[in-house]
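# Close look at the chain arrangement
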Amino acid sequence: MAYGAIMNLGAPASSLSSSPAHLFRRHVVTPSSSTLPILLTTALPKNILIKPRQLRRHSSAAAAGIGGDVLQDAGATLLVIGGAYALVSTFDNLTRRNIIEQISKSTGARYFASLVPSINCLRLVINGLSLTTDEGLVKSVSREGKPEELLRGPLYYVLVLIVSAIVFWRESPVGMISLAMMCGGDGIADIMGRKFGFRKLPYNQQKSWAGSISMFLFSFLVSVGMLYYFTVFGYIQLEWMSTIERVALVSFVATVIESLPITGIVDDNISVPLVSMVSAFLIFGY
Ligand SMILES: C/C(=C\COP(=O)(O)O)CCC[C@H](C)CCC[C@H](C)CCCC(C)C
Ligand SMILES: Nc1ccn([C@@H]2O[C@H](COP(=O)(O)OP(=O)(O)O)[C@@H](O)[C@H]2O)c(=O)n1
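Quick notes on the rules
Residues numbered from 1 in each chain as written. Chains lettered and ligands numbered in written order. Predicted model: local features only at pLDDT ≥ 70, side-chain atom pairs only at ≥ 80, totals over all residues. Heavy atoms only, no water. Helix = DSSP H or I, 4+ residues; strand = E, 2+ residues; numbered from the N terminus. Buried < 20%, exposed > 50% of the residue type's maximum accessible area, 1.4 Å probe, protein only. Disulfide = S-S within 2.5 Å. Axes fitted to C-alpha atoms, helices over the stretch in contact; angles between N-to-C directions. Parallel < 35°, antiparallel > 145°, perpendicular 65-115°, else oblique. Left-handed = near helix turned anticlockwise from the far one by under 90°. Contact = heavy atoms within 4.5 Å. Nonpolar A, V, L, I, M, F, W, Y, C, P; charged D, E, K, R; others polar. Pairing = 2+ DSSP bridges. UniProt positions renumbered as here; feature names shortened; annotations may be inferred.

### Thoughts on unusual backbone geometry
For Ser130, which is not glycine, the phi torsion reads 60 degrees and is therefore positive. With respect to the helices, strands and loops of the structure, Ser130 is situated in the loop between helix 5 (109-128) and helix 6 (135-141). Given the relative accessible area of 45%, Ser130 is considered partly exposed. In the Ramachandran plot, Trp169 falls in the positive-phi region, its phi being about 45 degrees despite a non-glycine side chain. Relative to the helices and strands, Trp169 resides in the loop between helix 7 (153-168) and helix 8 (173-196).

### Details of the state of the cysteines
Per the counting criterion, the structure on display carries 0 disulfides. Among the cysteines around Cys121, which has no disulfide bond, Cys183 carries the closest sulfur, lying 15 Å off. We classify Cys121 as buried; its relative accessible area is 13%. Judged by its relative accessible area of 0%, Cys183 is buried.

### Quick look at the packing of helix 7 against helix 8
Packed helices, taken two at a time, are described by the angle between their axes plus the distance between the axes. Contact geometry for helix 7 and helix 8: axes closest at 9 Å, N-to-C directions at 165 degrees. In this view, helix 7 runs roughly antiparallel relative to helix 8, as classed from their interaxial angle. Relative to helix 8, helix 7 is oriented so that their crossing is left-handed. Contacts between helix 7 and helix 8 involve Tyr157, Val160, Leu161, Ser164 and Phe168 from the first element and Val174, Gly175, Leu179, Met182 and Cys183 from the second. For the contact of helix 7 with helix 8, the per-class residue count stands at 8 nonpolar, 2 polar and no charged.

### Regarding the pairing of strand 2 (residues 204-208)
Pairing of strand 1 (residues 200-201) with strand 2, which is carried by 2 bridges, proceeds in the antiparallel orientation. Opposite Lys200, over in strand 2, you have Ser208 as the bridge partner. What sits between the antiparallel neighbours strand 1 and strand 2 is a turn of 2 residues.

### Quick notes on the UniProt feature "transmembrane region" (unreviewed entry) in the protein chain
Under the present numbering, the feature "transmembrane region" (unreviewed entry) in UniProt falls on residues 150-169 and 213-236. The distance from the first to the last C-alpha atom of residues 150-169 is 25 Å, and the span holds 80% helix and 0% strand. In this annotation, residues 213-236 is assigned 83% helix and 0% strand; the end-to-end C-alpha distance for the span is 28 Å.

Quick look at the structure:
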């Protein structure tokens, strides 16, 4: 949910610290020095969007020793928390002094919000084409450390963020739900599946029950959290009983799609949000 982070740009700054947007993490790890650049450059310190693979990769930095790693990670965590706190406090102050509006009503807000993923999109393209070399970025978001990997999963990911922000913004549940599936559900499936995925799915030996059950649960919970958040701020009105049933249905569809052995054909950063968008649109009707 990047959506949450994006949308937060138009929400009361004081709500940032308690918003459910922090759940919208594609892959959540304790930030290490290698994840810091991406955290800081995305300027969204509360919304840590990093892959678990960094942990694995950088565990090879065991040369520094486990104690050193823990210290480094703890330091990085404190730094990010401090940065997030400072950012929220700054916005709080500006809002209290009426220097910035609490809730942006500007029609251009969606384009401003999409600037964050757009800048990251540009970075991915430039580095993916090896026009420049940002080793931190490549290491942070690729599996094998190859720049060209940036042009696949990570690029699709930011493109979905951009499209969702611009097309759906905060008036339609469709964008929120599809981002919840991609950023929340799919991200958690990866983490839980790798850790507890001993029992594989009968039709896909690459995916596990633990991963898919987590995908369903987190897609559902993150979606409901996001919808609740935007309902509280009055952007959307929902009838909750039917909404919960509908979200459960979309989560189920997204989970089934994520579990299929089609990763080689279509990246799940495309299949999951796309199928979620279509099914949410059909189910919600707007
Ligand atoms: C590593 C990423 C995707 C790869 O996925 P997969 O192929 O393994 O399935 C994500 C890449 C993220 C990107 C480089 C930076 C995105 C910044 C974004 C605009 C910040 C939004 C923050 C919010 C927390 C979502
Ligand atoms: N439903 C799922 C999804 C992922 N996983 C685990 O997570 C790993 C990465 O999943 P993936 O191929 O979907 O990776 P991403 O493209 O989402 O990063 C898989 O190799 C599995 O170990 C799982 O066990 N069950």
